[in-house]
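# A closer look at the structure
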Amino acid sequence: MTEPSSRAVPAVGPGQIIPYAATRYPDKIALINDETSLTYRQLDRMSDSVAAALRARGIGTGAVCSLYGQNSWQWIVTYHGILKAGAVANPINVMLTGPELAFVLADCSSQVLFAGALQAATVEAIRTEIPGVEVVYRFDDAETNAGPEDGSVPFAELLAVGADTAPVVSNPGARDLCSIAYTSGTTGHPKGAMQSHESVLLNCALTATMHGRNADDIVVTALPAAHVYGNVAINSTFLAGGTVILMKRFDASAALRLIERHHATMFEGVPAMYSMMTGHSDFDTTDLSSLRASTIGGQTFAPALIDRWQGRAPGPVLELWGMTELSGLGTTHAVFAPPSLGSIGVSLPGLDVRIGPLDGTEEQVPSGEHGELQVRGPLVMLGYHGRPDATAEALTTDGWLRTGDVAYADDTGHFFIVDRLKDMIVTAGYNVYPAEIERVIGSHPEVELVAVGGLPDPVKGEIAVAYVVLAAGSTLSEPDVLEYCRDYLAAYKRPRKVIFVDSLPTTSSGKLMRRKLAELKVDAFDSEVVLPGQ
């Protein structure tokens with residue numbers, strides 16, 4: 001095992017994770033991304049350069065800097081550079097469309113945007129809509145074989161600007177704002193969960209503890225760095241001094257190949273990834289024996305999937321549960337503890353988790369009884385940015401976060417998810433909210449009414465289905481509706497099926513009953529089509 005050169009303790013924020021690891025393991029490979037390998041010393045110096053360059057532009061404490069790009073070493077360097085500068089990171093899902101991106105940038109008053117080359121066209125299309133963004137930095141990308149031609153600043157130029165400047169040292173308070181991460185709201189508009197420095201760092205530290213991460217770990221992941229699950233997978237490994245093999249995007253064959261080639265000790269992903277890997281022709285011939293553990297979260301899955309995976313990978317599969325509002329995990333299994341099949345695990349150390357009554361009263365229900373999963377402690381968000389109404393709805397007066405998940409606990413302290421109070425659909429690990437899709441489809445002039453619900457899917461867990469009542473005389477088809485969504489919704493948010501109906505189920509007061517949608521008799525409608533490959 002590699003011996004550390006120092007036992008310094010990281011400060012209160014995630015901006016100190018890389019300096020901490022660089023002190024202990026300066027010449028150890030920290031990150032491998034495509035053909036690029038970086039040591040902890042290199043990550044530290046390059047993120048110092050980003051921080052210095054930002055400060056030279058007057059971007060410092062409290063300024064919001066957004067990240068909109070595929071997984072890359074530049075993304076990781078920039079994230080840590082932003083935090084070192086004392087600025088606030090705003091990780092953005094790369095699948096967002098132009099209008100969605102513009103909303104997020106305006107809502108959090110972003111001053112700087114870092115974008116991948118493959119996202120350049122989307123950014124350019126909304127430049128006039130984001131006057132508050134002072135500068136756009138563009139990550140060079142070999143896939144485009146081109147440098148910036150849109151007035152953005154090349155990333156290499158950014159690194160050069162800060163290379164000879166003294167490192168910036170930011171010392172934030174534990175409860176100071178660290179990042180604003182957007183999660184869709186039931187109103188159809190994204191909400192920015194404000195995460196503190198303490199919550200982000202603690203989530204990484206406690207996850208590392210529960211999963212037994214160490215300096216010998218080699219972790220393969222394709223989880224988006226912009227997602228809290230991906231962020232924790234990456235930075236908890238850095239905190240332990242391990243090596244991250246970061247895939248730009250998930251590919252089953254490539255993931256299997258990387259695990260075997262690098263003798264990976266961990267793989268982290270959502271059920272859809274495991275489903276695609278176990279179903280791949282290379283699965284039965286790939287050597288997965290180096291895996292000491294795997295993590296899985298984001299949606300429900302069939303036990304048979306894990307059985308098949310563990311038939312080739314010897315280590316335990318650690319199911320977990322988390323939220324953007326918690327900066328990552330809230331519960332997980334401890335790597336050396338006996339498994340509890342079907343459970344999302346136990347609470348992270350120092351985090352209070354309880355099952356509250358479904359009627360919203362502030363009691364605690366007995367073991368085995370269904371209620372709402374609620375969380376309290378230092379991992380809980382500071383609130384929703386600019387949304388005191390939504391914050392008050394999500395947080396009780398004594399600090400409990402209402403998750404909206406129906407769950408129960410057993411006598412051993414393990415939690416089990418049953419259903420969701422909210423109408424959120426989880427597809428391939430992504431949260432999709434019906435109201436957001438309804439808002440788009442409902443804006444079509446030939447749509448009279450629309451409701452969106454979820455249906456089970458063997459690979460994605462769930463898919464979004466739109467039930468549409470057409471305006472009189474309309475000849476709108478399913479492909480027409482799906483194409484209309486393409487310009488306004490990220491790919492993972494779009495419905496995978498459109499069903500035309502005469503009416504929608506409502507209560508006596510006219511309120512839509514989404515849970516009744518799946519009971520609609522639709523077999524008589526010729527327009528019911530399942531998209532190929534979905």
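Residues numbered from 1 in each chain as written. Predicted model: local features only at pLDDT ≥ 70, side-chain atom pairs only at ≥ 80, totals over all residues. Heavy atoms only, no water.

Looking now at the pairing of strand β6 (residues 135-139). Where burial is concerned, most of β6 is hidden: five out of the five residues are buried. Burial along β6 is two-sided: V135, Y137 and F139 and V136 and R138, pointing in opposite directions, are all buried. Sheet topology note: the β6/strand β7 (residues 153-154) ladder contains two bridges and is parallel. Across the sheet, Y137 pairs through a bridge with V153, a residue of β7. (Buried < 20%, exposed > 50% of the residue type's maximum accessible area, 1.4 Å probe, protein only. Helix = DSSP H or I, 4+ residues; strand = E, 2+ residues; numbered from the N terminus. Pairing = 2+ DSSP bridges.)

Quick look at unusual backbone geometry now. Phi angles above zero are rare outside glycine, and H263 is one such case at about 50°. The phi dihedral of S327 falls on the positive side, at around 65°, and the residue is not glycine. Residue position: S327 is located in the loop between β14 (317-323) and β15 (328-332). Taking the relative accessible area as the measure of exposure, S327 reaches 3% and is therefore buried.

Once that is clear, we can look at the confidence of the model for the protein. Overall, the prediction assigns the protein a mean pLDDT of 88, with 89% of residues at 70 or greater. In the predicted structure, residues 522-534 sits below a pLDDT of 50 and forms 23 contacts with residues beyond four places in sequence or in another chain. (pLDDT = per-residue confidence, 0-100. Contact = heavy atoms within 4.5 Å.)

By the definition in use, this model includes zero disulfides. Residue C65 stays outside any disulfide, its sulfur separated by 9.7 Å from that of C108, the closest cysteine. Here C65 falls in the buried class, since its relative accessible area comes to 0%. (Disulfide = S-S within 2.5 Å.)

As a further point, take the sheet that holds strand β12 (residues 266-269). Read across the open sheet, the nine strands follow the order β2-β1-β11-β10-β12-β13-β14-β15-β16; overall the sheet is mixed. The outermost strands of the open sheet, each flanked by one partner alone, are β2 (36-39) and β16 (346-347). The pairing of strand β1 (residues 29-33) with β2 spans four bridges and is classified as antiparallel. Counterpart to N33 in the pairing with β2 is T36. Sheet strands in contact with helix α8 (residues 228-240) are β1, β10 (218-221), β11 (243-246), β12, β13 (293-296), β14 and β15, and its direction is about 145° off that of β11. (Axes fitted to C-alpha atoms, helices over the stretch in contact; angles between N-to-C directions.)

A word on the side chain of T265. One can find T265 in the loop between α9 (252-262) and β12. Given the relative accessible area of 13%, T265 is considered buried. Of note is the side chain of T265, whose polar atom sits 2.7 Å from the side chain of D217. Excluding residues within four positions of it along the chain, T265 makes contact with D216, D217, I218, S290, L291, R292 and A293. (Polar contact = N/O pair within 3.5 Å; in protein donor to acceptor, adjacent residues only side chain to side chain.)

A word on the packing of aromatic side chains. If you walk through the whole model with that rule in mind, you get 13 aromatic pairs. With centroids separated by 4.9 Å and ring planes inclined at 20°, the aromatic side chains of F114 and Y137 adopt a geometry described as stacked. Placement of F114 in strand β5 (residues 112-116) and of Y137 in strand β6 is noted, with a sequence separation of 23 residues between them. Under the relative-accessibility criterion, Y137 is labelled buried at 2%. Plain terms: the ring middles of Y274 and W309 are 4.9 Å apart, the flat faces sit at 85° to each other, and that makes the pair edge-to-face. Here W309 lies in helix α11 (residues 303-310) and Y274 lies in helix α10 (residues 271-278), a separation of 35 residues in the sequence. The class of Y274 is buried, set by a relative accessible area of 0%. Given the relative accessible area of 0%, W309 is considered buried. The ring centre of Y384 lies 5.0 Å from the NZ or CZ of K191, which sits over that ring. Here the basic side chain of R354 rests over the ring of W400, its NZ or CZ set 4.0 Å away from the ring centre. (Phe/Tyr/Trp six-rings, centres within 6.5 Å; stacked < 30°, edge-to-face > 60°. Lys NZ or Arg CZ within 6 Å of the ring centre and 35° of its normal.)

All right, on to empty space enclosed by the protein then. Applying the stated criterion across every chain, the model contains four cavities of 30 Å³ or more. One number sums up the size of the largest cavity: a volume of about 80 Å³. Around the largest cavity, the lining residues are Y79, P91, S179, A181, Q195, V200, A225, A226, H227, V228, N231 and S327. Elements with a contribution of two residues or more to the lining of the largest cavity: β8 (177-184) and α8. Counted by class, the lining of the largest cavity contains seven nonpolar, five polar and no charged residues. Lining the second largest cavity we find eleven residues, and of these G13, G15, Q16, S170 and P172 sit closest to its centre. Looking at the lining of the second largest cavity residue by residue, the classes come out as four nonpolar, six polar and one charged. (1 Å grid on protein atoms, 1.4 Å probe; cavity = no way out; pocket = protein on both sides within 12 Å on 5 of 7 lines; lining within 4 Å. Points joined across faces, edges and corners; volume = space filled by probe spheres on them. Nonpolar A, V, L, I, M, F, W, Y, C, P; charged D, E, K, R; others polar.)

Turning to the environment of S367, a few remarks are in order. For S367, the position within the fold is in the loop between β17 (352-356) and β18 (371-376). S367 sits in the partly exposed class, given a relative accessible area of 47%. Once residues within four sequence positions are removed from consideration, S367 is found in contact with A409, D410 and D411. Side chain to side chain, S367 and D411 meet in a polar contact 3.4 Å long.

Moving on to α9. For α9, the set of buried residues is A252, S253, A254, A255, L256, L258 and I259. Check the buried side of α9 and you find it contacts β10, β11, β12, α10 and α11. Of the residues that open α9, the one with a side-chain oxygen 3.3 Å from the backbone nitrogen of S253 is D251. Positive phi shows up at H263, right after α9, with a value of about 50°.

Take the nonpolar core next. With 58 residues, the main nonpolar core has F267 and W309 as its most contacted residues. Broken down by element, the residue count for this core peaks at six residues, all from α9. Of all hydrophobic cores here, the second largest spans 51 residues; its members include L43, W75, L159 and V200. (Core = buried A, V, L, I, M, F, W, Y, C linked by side-chain atoms within 4.5 Å.)

Moving on: the pattern of salt bridges. Applying the stated criterion across every chain, the model contains 15 salt bridges. In this structure, E100 engages K493 in a salt bridge whose closest nitrogen and oxygen atoms are separated by 3.1 Å. In this pair, E100 is assigned in helix α4 (residues 98-107) and K493 in the loop between α14 (478-486) and β26 (497-500), connecting sequence segments 393 residues apart. Of the two residues examined, E100 and K493, each falls in the buried class. Close ionic contact of E436 with K493 constitutes a salt bridge, the shortest N to O distance being 2.9 Å. Here the residue E436 occupies a position in helix α13 (residues 434-441), and K493 occupies one in the loop between α14 and β26, the gap between them amounting to 57 residues. Residues joined in a network through salt bridges with shared partners are D44, D48 and K84. (Salt bridge = Lys/Arg side-chain N within 4 Å of Asp/Glu carboxyl O.)

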